[in-house]
Amino acid sequence: MLPPPSAFDTSFAGDTLDLRLTITNGALVSTRFANQSRPSQSGVTPLFLLRVPVLPVDKEIAANGDNPRPRYPQAMRDKGIAGEVRAEFLVRADGTVDPGSTRFLKATSIEFADAIASVLPQMRFFPLEVAGCKVASLTQMPFVFGMNR
């Protein structure tokens, strides 16, 4: 969790992100306006506008050096096949991986993806830190299987 709003400097002059939620009649409506005032459009019902500060990242996600290594699939090793997997997963604020969040964006073969899927729940990370707080965040990581490894 991030610190409560009272913990932030009220004179915050950094970047902000505007989030707008509207209900439309099915027509596509541009969310980019030349000025900050909202244009009047029929069939558009504004629900809320939320401006949130974009806080600086203190520390990026980093893998713990003691993490278990994925096992090279024996069938692939026997055939001399190298491989690569790019996985996307959620690293929780405590540094553990949420296994239900794992997606494979790229995999040379299902055997390599299975090897990553079996070891990822045991891996630990130093989580992302924003404004001095550890936060859960989605990350992507490449895993390379080479015959010289």
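Note that the structure is predicted; figures quoted are calculated from it, not measured.

Q: Could you give me a rundown of the sheet that holds strand 9 (residues 133–135), with the residues and numbers involved?
A: Strand order in the open sheet made by the three strands is 3-8-9, with antiparallel pairing throughout. A single partner strand is all that each edge strand has here, and the edge strands are strand 3 (57–59) and strand 9. Strand-to-strand twist of the sheet, defined as the mean angle between neighbouring strand axes without regard to direction, takes the value 45 degrees. The pairing of strand 3 with strand 8 (residues 128–130) spans two bridges and is classified as antiparallel. Across the sheet, Val 57 pairs through a bridge with Val 130, a residue of strand 8.

Q: Describe the sheet that holds strand 6 (residues 97–107), listing the residues and the values that go with them.
A: Spatial strand order, 6-5-10: three strands in an open sheet with antiparallel pairing. Each of the sheet's edge strands pairs with one partner strand only, and the pair in question is strand 6 and strand 10 (137–145). Each strand axis lies, on average, 25 degrees off the axis of its neighbour in the sheet, ignoring direction. Packed on one face of the sheet, helix 2 (residues 110–119) meets strand 5 (83–91), strand 6 and strand 10 and runs near 35 degrees to strand 5.

Q: Which residues make up the environment of Phe 126, and what values do they have?
A: Note on placement: Phe 126 falls in strand 7 (residues 125–126). Here the alpha-carbon distance between Phe 126 and Val 91, two residues 35 residues apart in the chain, equals 8.7 Å. Not counting chain neighbours up to four residues away, the residues in contact with Phe 126 comprise Glu 60, Ile 61, Ala 62, Ala 63 and Asn 64.

Q: Would you mind going over a nonpolar patch on the surface in detail, with residue names and values included?
A: Taken together, the side chains of Leu 17, Leu 19, Leu 21, Ile 23, Leu 47, Phe 48, Leu 50 and Val 54 make up a nonpolar region of the molecular surface, amounting to roughly 680 Å² of accessible area. Listing elements by their share of the nonpolar patch, those giving two or more residues are strand 1 (16–23) and strand 2 (45–53). For the nonpolar patch, the leading source of residues is strand 1, giving four residues. Assignment of secondary structure puts Leu 47 in strand 2.

Q: Account for the confidence of the model for the protein, naming residues and giving values.
A: Residues of the protein with pLDDT of at least 70 account for 78%, and the chain-wide mean is 83. In the model, residues 5–10 has pLDDT below 50 throughout and makes two contacts with residues more than four positions away in sequence or in other chains.

Each value, and the rule that gives it
- Residues numbered from 1 in each chain as written.
- Predicted model: local features only at pLDDT ≥ 70, side-chain atom pairs only at ≥ 80, totals over all residues.
- Heavy atoms only, no water.
- Pairing = 2+ DSSP bridges.
- Helix = DSSP H or I, 4+ residues; strand = E, 2+ residues; numbered from the N terminus.
- Axes fitted to C-alpha atoms, helices over the stretch in contact; angles between N-to-C directions.
- Contact = heavy atoms within 4.5 Å.
- Patch = residues over 30% accessible without salt bridge, like charges linked within 9 Å, V, L, I, M, F, W, Y side chains within 5 Å.
- Areas by Shrake-Rupley, 256 points an atom, 1.4 Å probe, with all protein chains shown as cover.
- Salt bridge = Lys/Arg side-chain N within 4 Å of Asp/Glu carboxyl O.
- pLDDT = per-residue confidence, 0-100.

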